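So the chains spell out like this:
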Amino acid sequence: MYIDSEGIILRQTKTTNGRRMVLLFSKKYGKISAGSSISEKGSSKAALAMRPFTFGRYELFKNRDNYHINSAEVLKSFYKIGEDVDKYMCASYVLEFTEKLLVEEQPAAQLFHLLIDFFGLLEMRRKKYETLVSAYQLKAMAIAGTAPQLSSCVLCGRREPIAGFSVKEGGIFCDSCQNKIPADRNVSLIFHADIGTINILKYFLDHPLSSLEKIGLDDEIQKQIRMMLRSYSEYHLGIGSLKSESFFDQK
Ligand SMILES: [Zn+2]
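Residues numbered from 1 in each chain as written. Predicted model: local features only at pLDDT ≥ 70, side-chain atom pairs only at ≥ 80, totals over all residues.

Student: Go over the overall build of the protein chain with me, naming the residues and quoting the values.
Tutor: Along the backbone of the protein chain there are seven helices and eight strands. Against the compact-globule benchmark of 18 Å for 251 residues, the protein chain has a radius of gyration of 20 Å, which places it among compact chains. Principal-axis analysis of the C-alpha atoms gives the protein chain an extent of 65 × 40 × 30 Å. Across the 251 residues that make up the protein chain, the buried fraction comes to 33%. Taking the contacts inside the protein chain whose residues are at least 6 apart along the sequence as the reference set, 59% of them involve residues at least 24 apart. (Helix = DSSP H or I, 4+ residues; strand = E, 2+ residues; numbered from the N terminus. Rg over C-alpha atoms; globule rule 2.2 N^0.38 Å. Buried ≥ 20, exposed ≤ 12 C-beta atoms within 10 Å, placed from the backbone. Contact = placed C-beta atoms within 7 Å.)

Student: Could you give an account of helix H3 (residues 109-124), naming the residues involved and the relevant values?
Tutor: At 3.6 residues per turn, the α-helix brings residues three or four places apart onto the same side. Look at H3: 23 Å from first C-alpha to last across 16 residues, which is about the 22 Å you get at 1.5 Å a residue. Within H3, burial applies to Leu111, Phe112, Leu114, Leu115, Phe118, Phe119 and Leu122. In an axial view of H3, the angular spread of the buried residues amounts to 160 degrees, which keeps them on one side of the axis. In H3, the exposed positions that point more than 90 degrees away from the buried face belong to Ala109, His113 and Met124. On the buried face of H3, the contacting elements are strand E1 (2-14), strand E2 (20-26), helix H2 (85-101) and helix H4 (129-143). (Expected span 1.5 Å × (residues − 1). Arc of directions from axis to C-beta.)

Student: So, the pairing of strand E4 (residues 54-63): which residues are in play, and what are the values?
Tutor: Across seven bridges, E1 lies against E4 in antiparallel orientation. Note that in E4 the partner of Glu6 across the bridge is Arg57. Sheet topology note: the E4/strand E5 (residues 66-77) ladder contains ten bridges and is antiparallel. By the bridge assignment, Lys62 is partnered in E5 with Tyr67. Count of turn residues in the E4/E5 antiparallel hairpin: two residues, of which Arg64 carries a positive phi of about 50 degrees. (Pairing = 2+ DSSP bridges.)

Student: Describe the sheet that holds strand E8 (residues 190-191), naming the residues involved and giving the relevant values.
Tutor: Either a parallel or an antiparallel arrangement is found when strands of a sheet pair, and the pairing is made through backbone hydrogen bonds. Read from one edge to the other, the open sheet built from three strands follows the order E7-E6-E8, with strand pairing classed as antiparallel. Looking along the sheet, the strands with just one partner apiece sit at the ends: strand E7 (171-174) and E8. Bridging between strand E6 (residues 162-166) and E8 involves two bridges; their strand directions are antiparallel. Directly across from Ser166, in E8, lies its bridge partner Ile190.

Student: How would you sum up the sheet that holds E1? Please name residues and give values.
Tutor: Reading around the barrel, the five strands line up as E1-E2-E3-E5-E4 and close back on themselves, with mixed pairing between neighbours. For this sheet the average axis-to-axis angle between neighbouring strands, irrespective of direction, equals 50 degrees. Contacting E1, E2 and strand E3 (30-36), H2 runs over the sheet at an angle of about 115 degrees to E1. (Axes fitted to C-alpha atoms, helices over the stretch in contact; angles between N-to-C directions.)

Student: Could you give an account of the packing of H3 against H4, with specific residues and numbers?
Tutor: Closest axis-to-axis distance for the H3/H4 pair is 10 Å, and the angle between their directions is 175 degrees. In terms of their interaxial angle, H3 and H4 are classed as roughly antiparallel. Counted together, Gln110, Leu111, Leu114, Phe118, Leu121 and Leu122 of H3 and Tyr129, Leu132, Tyr136, Lys139, Ala140 and Ile143 of H4 form the full contact between these two elements. In terms of residue class, the contact of H3 with H4 is made up of ten nonpolar, one polar and one charged. (Parallel < 35°, antiparallel > 145°, perpendicular 65-115°, else oblique. Nonpolar A, V, L, I, M, F, W, Y, C, P; charged D, E, K, R; others polar.)

If you want it as structure tokens, here you go:
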């Protein structure tokens, strides 16, 4: 059966005889593995659509549980991402995170659009790329139904004063509940985040990525938010260390 879908290639590996296995985030069918003999080398219409950071249309043949990409064409290429090493690393990290977040063959159109927005904004951005990465991550987790509770204390519902953020409890906690948060040997599950940091996270959740065009976080706040999101996604989604994240640790 022939099917087609818009898509973004998450990853591909070469196999034998010039063939490759492609992990495609298709808009219609979600994350699927497909074989293909289309090489990304060359300048044919199909070859260009096999390159990284490309929004394309893919025509597939489905045979029982196997997919095969027969042809492809570019709808939009974010090729400038590949021309800047920092952008390239940020986009690779986001693809790896998205791959882990997606469930095989489960459509996720909202996340698909978020990813395309992310590519477009990253390509045009001049600095502070990581602000965009953190916002994407938090929004993606919200789409997956695992957003942290940020508007009121997870234990008593009071709005303030905020004492911190508990990964385990799934959101912020207030001054009076501070003692009720069980002490944990794993200190990375509790963050002493102030209202400013929490408001940034809330802003990420409530506004489209495009509203961040002129916003870039200070390095210290960025680092704290990165650690909070990493710990949160590991605890609630099982997304542990990613291959491409060592890039941020060097910063
Ligand atoms: Zn409370």
